[in-house]
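Understanding the architecture of this molecule
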Amino acid sequence: MNDGSQFVETLKKLNYPKASELKGEDFDWLFESPEHRCFLRWFCSSVNKENVLSEEEVTAFQALRELGKPILDEAALVDVLKTCQSEEPRRDLAFLEELGVEQLEEELQALRREKKRKMQRLRRLQVMTTASADTALRLTSQEKEASVALRETVEALGAENAKTNHDLQILEEEVKKLTTFFSPGAEQEAGTQSQPPVFLSQLPLETYLHQEELNTKALTSFTQKQFFQGISDLVESSNEENFRLLDLSSSSAGREDGQVQQGHRKEMARLQCAHSMAQYQLIQATAQEHSIRAGLQWIDANASTKLSGSVQDLEVRAARLRKELEAVQSQVQTLQSEQLPAAVRESAQLLNVPVVRGDIDLQIARQDYYTSRQDEVCCHLLRQKASFDLLQLGYELELKQDKELHKQLEDLVQHLESRCNNLSRRLETFSSPELAVSVQPRSIIHSKDTVLCRLYQALEGKATQEQPFRTYEGLQQAALALQQELQSVREAIASAEQEQAYSMAKMEADSDVLRSTNYCGLKQLVLTPQELGERLLHLEAQLNKLNQLMQEIGNDIRTKKSILERKKLLRKERKLYDYFFQDEDYLKSTIRDLEDKVRAVTIGQAD
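Residue numbering note: each chain is counted from 1, following its sequence as written. At least 70 in pLDDT is required for a residue's local features to be given in this predicted model, at least 80 for side-chain atom pairs to be given and counted, and no such filter applies to totals for whole chains, interfaces and linings, which use all residues. Hydrogens and waters are ignored; side-chain quantities use all the structure's heavy atoms.

Comments concerning the overall build of the protein
Note the cut-off: Elements are defined by DSSP. Helices are runs of H or I of four residues or more, strands are runs of E of two residues or more, and each kind is numbered from the N terminus. Relative accessibility thresholds used throughout: buried, under 20% of the residue-type maximum; exposed, over 50%; partly exposed, between the two (1.4 Å probe, protein chains only). Two residues qualify as a contact provided that any one of their heavy atoms is within 4.5 Å of a heavy atom in the partner residue. Computed by Shrake-Rupley with a 1.4 Å probe, the accessible areas treat only the displayed protein chains as cover when residues are assessed.
The helix and strand tally for the protein stands at 16 helices and 0 strands. Relative to its 607 residues, the protein shows a buried fraction of 11%. Sequence-distant contacts, at least 24 apart, represent 54% of the contacts inside the protein between residues at least 6 apart. Just so you have it, the protein exposes about 50800 Å², and 57% of that area is on carbon and sulfur atoms.

Spelled out as structure tokens, the structure:
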């Protein structure tokens, strides 16, 4: 129970009018001041009905005031008491003589009651003193605990501060090392010993460029020695179109001198002419040799035979031989004039093949030589270009890493600036006088303490009546109420879980019963119980029998209908049966009519 509620309860005990309509929360602000709190707590613990005037006393006092008689205040009463002290003994004795025994006994009882009340008040004051002493002891122990906790907190903060300072010092040293990596010239200006280069951009390129320049000059001189005039321009240029195999047929080195080529042509023409003449003479000599050899063979073949026959036969034979000789000579002249020159010219042209082949082989060998030298030059150029590309790639990678590091450092600077701003705002907030620790702790939450105000609002929720002041005790009570609500919710959840578990167990038991009922101890599912299944089978058999009987009855009806359709007498008989069951009078009249007709027929036959 808080102080406001205790104050309202005290007013109810004293029969204060309309005390039941008061709320303790409305009087909590009265206990915020230490002076008022002490007096009000004493009032709540000490005042009772005996300290309150009765209605009769109030009525008598009001009547005395209405009479207009003077009423003595505190100072006037003190003066009157001082004047009356000297006369008290005499008056007491006279008063005792005047009073009777009964009155004295009544006064004695009143004095005893007054003593009893004072003893009760003394005991109450002793209890309050003991409670105050206990409170003082408890507060002293709490103060000691708080001082110990404060000392431990200060020590922890000191250790954490020392650790933070050490980390900051290490960070500062690392940052200095990093700055020396990026700016080694600063150390040289400061007189310190320079560190070895860490980045590729810190390496000097003079030696490398000088070596590459020497390699280029050596490669240029090599090309000038090995190749024709102008190849050095191609080697020294950096155009990629020049890094290809040379076409020696179109180069000046592949061309022969004009006079040398003209001499080669003349020599080749002379050789062809001499070859043609020699071949012509060789063919003629060979033809003469073959003719002489053929003549000798003919003489050898015809020498053994004798010339027989007449002169006329010989002349005929000679004439025939002369004709053959003329034909042969014409053929020879044709060969000499047409086919032989063409064959000789072809033979002369074939003479050019070895010469041309040798020239081409020479050109191929020269081309292979220049190609091998070109390959060597290309290897050197590619090696040099690869080194340049590798160096450029290294610089590009280092530039990319530097950009990323620069971005990270900018982000780190922004983060540190934001943290510094937050820290400065936090220190400014902590240095505000509202948060300063006062000698007399406040019981009301300050309106500028937004954290506790929001926490109080969140814990209080939608209250029925908004309180004018927000106190720490109200915050504690709201937290306790929230804790109790949380405990009740947990208990409700636990009970719901238990109920759910009980329901699940019941459902599992019902499921087992249903399963046992459906399966009936078999492995096959039975959708109906065994007894009900037997009855259903019996009903199904009876239904089948009924269907069979209905079919038989239907067949019987159809056959009887067909018979009735064929036989008129049976139809009339059926109608009579219908009349017999439905209308007996009509049946009697019909039978009577029929009898009359039969009788008339019999009479007519008899006549």
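Some words on the confidence of the model for the protein
Stated precisely, the cut-off is as follows: What pLDDT conveys is the predictor's confidence in a given residue, as a value from 0 to 100.
Per-chain confidence: the protein averages 77 in pLDDT, with 78% of residues scoring 70 or above. Taken element by element, the protein is modelled with least confidence in helix H9 (residues 231-236), mean pLDDT 46, and with most confidence in helix H8 (residues 206-226), mean pLDDT 86. Taken together, the stretch residues 186-192 has pLDDT below 50 and engages in 6 contacts with residues farther than four places along the chain or on a different chain. A low-confidence stretch, residues 234-256 stays under pLDDT 50, and its non-local contacts, those more than four residues away or across chains, total 33 contacts.

Details of the packing of helix H15 (residues 568-582) against helix H16 (residues 584-606)
Any two packed helices are characterised by the angle at which their axes cross and by the distance between the axes. Test applied: Axis angles are defined between N-to-C directions and span 0 to 180 degrees, where every axis is a line fitted to C-alpha atoms and, for a helix, only to the segment in contact. Roughly parallel here means an angle under 35 degrees, roughly antiparallel means over 145, roughly perpendicular means 65 to 115, and every remaining angle is called oblique. Residue polarity follows a fixed list, in which Ala, Val, Leu, Ile, Met, Phe, Trp, Tyr, Cys and Pro are nonpolar, Asp, Glu, Lys and Arg are charged, and the others, Gly among them, are polar.
In contact at an axis separation of 6 Å, H15 and H16 are set at 135° when each is read in the N-to-C sense. Here H15 is positioned oblique relative to H16, judged by the angle of their axes. Residues Leu576, Tyr579, Phe580 and Gln582 of H15 form the contact with H16, whose own contacting residues are Glu584, Tyr586, Leu587 and Thr590. For the contact of H15 with H16, the class distribution of residues is 5 nonpolar, 2 polar and 1 charged.

Things to note about the side chain of Glu212
Just so we agree on the cut-off: Two residue types count as positive, namely Lys and Arg, and two as negative, namely Asp and Glu; His and chain ends fall outside the count. Think of a salt bridge as a Lys or Arg side-chain nitrogen and an Asp or Glu carboxyl oxygen that are within 4 Å of each other.
With respect to the helices and strands, Glu212 occurs in helix H8. Arg383 provides the closest opposite charge to the buried, salt-bridge-free Glu212, at an N-O distance of 9.3 Å. Look past the residues within four positions of Glu212 in its chain and what remains in contact with it is Gln384, Ser387 and Phe388.

Observations concerning the packing of H8 against helix H11 (residues 311-430)
To be explicit about the condition: Crossing handedness: left-handed means the near helix sits turned counterclockwise from the far one by under a right angle, and right-handed means the same turn made clockwise.
Put simply, H8 and H11 touch, their axes get as near as 11 Å, and they point 165° apart. One way to sum up the angle between H8 and H11 is to call them roughly antiparallel. Helix-helix and strand crossings are classified by hand; for H8 and H11 the assignment is left-handed. Of the residues in H11, those touching H8 at Tyr208, Glu212, Thr216, Leu219, Phe222, Thr223 and Gln226 are Tyr369, Tyr370, Arg373, Glu376, Val377, His380, Leu381, Gln384, Ser387, Phe388 and Leu391.

Focus on the nonpolar core
Defined as follows: The set of buried Ala, Val, Leu, Ile, Met, Phe, Trp, Tyr and Cys residues whose side-chain atoms join them within 4.5 Å is what this entry labels a nonpolar core.
Counting residues in hydrophobic clusters, the biggest one holds 11 residues: Phe7, Val8, Leu11, Leu14, Ala19, Phe27, Phe31, Leu40, Phe43, Cys44 and Val47. Looking at this core, the elements that each hand over two or more residues are helix H1 (3-13) and helix H2 (34-46). Those residues within four positions of Leu14 in sequence are excluded, and the remaining contacts are Phe43, Val47, Asn48, Lys49 and Val52. Grouped together as the second largest cluster of nonpolar side chains are 5 residues, Phe227, Tyr370, Val377 and Leu381 included.

A few points about H8
Note the cut-off: Here, expected helix span is obtained from the residue count minus one, scaled by 1.5 Å. The reported arc concerns the directions from the helix axis to the C-beta atoms and nothing else.
With 21 residues, H8 should cover 30 Å at 1.5 Å per step; its first-to-last C-alpha distance of 30 Å lies within 8% of that length. For H8, the set of buried residues is Glu212, Leu219, Thr220 and Thr223. Along the axis of H8, the buried residues cluster in a sector spanning 105°; they form a single face. Set apart from the buried face of H8 by more than 90 degrees, the exposed residues are Glu206, Thr207, Lys217 and Lys225.

What about the pattern of salt bridges?
In the structure shown here, the tally under the stated rule is 9 salt bridges. Of the charged contacts, one joins Arg293 and Glu289 as a salt bridge, the two residues approaching to 2.6 Å between their closest N and O atoms. Of the two residues, Arg293 and Glu289 are both situated in helix H10 (residues 258-303); the distance of 4 residues between them amounts to about one turn of the helix. Classification of Arg293 as partly exposed rests on a relative accessible area of 42%. Asp389 is the partner of Lys385 in a salt bridge, and the nearest nitrogen-oxygen pair spans 3.2 Å.

Let's talk about the packing of aromatic side chains
Aromatic rings considered in pairs are described by the distance between their centres and by the relative angle of their planes. Just so we agree on the cut-off: Geometry of aromatic contacts follows a simple scheme: Phe, Tyr and Trp rings, the Trp one being its six-membered ring, pair when their centres are within 6.5 Å, and the pair is stacked under 30 degrees between planes, edge-to-face over 60, tilted otherwise.
Enumeration over the complete set of coordinates arrives at 2 aromatic pairs. When the centroid spacing of 5.9 Å and the interplanar angle of 70° are considered together, the rings of Tyr208 and Phe388 count as edge-to-face. In this pair, Tyr208 is assigned in helix H8 and Phe388 in helix H11, connecting sequence segments 180 residues apart. Exposure remark for Tyr208: the relative accessible area of 24% places this residue in the partly exposed category. Geometrically, the ring pair formed by Tyr369 and Tyr370 is edge-to-face, given 5.8 Å between the ring centres and 65° between the ring planes. A relative accessible area of 35% places Tyr369 in the partly exposed class.

Regarding the environment of Lys13
On the secondary structure map, Lys13 appears in helix H1. Between the C-alpha atoms of Lys13 and Val47, which are 34 residues apart in sequence, the distance is 9.5 Å.

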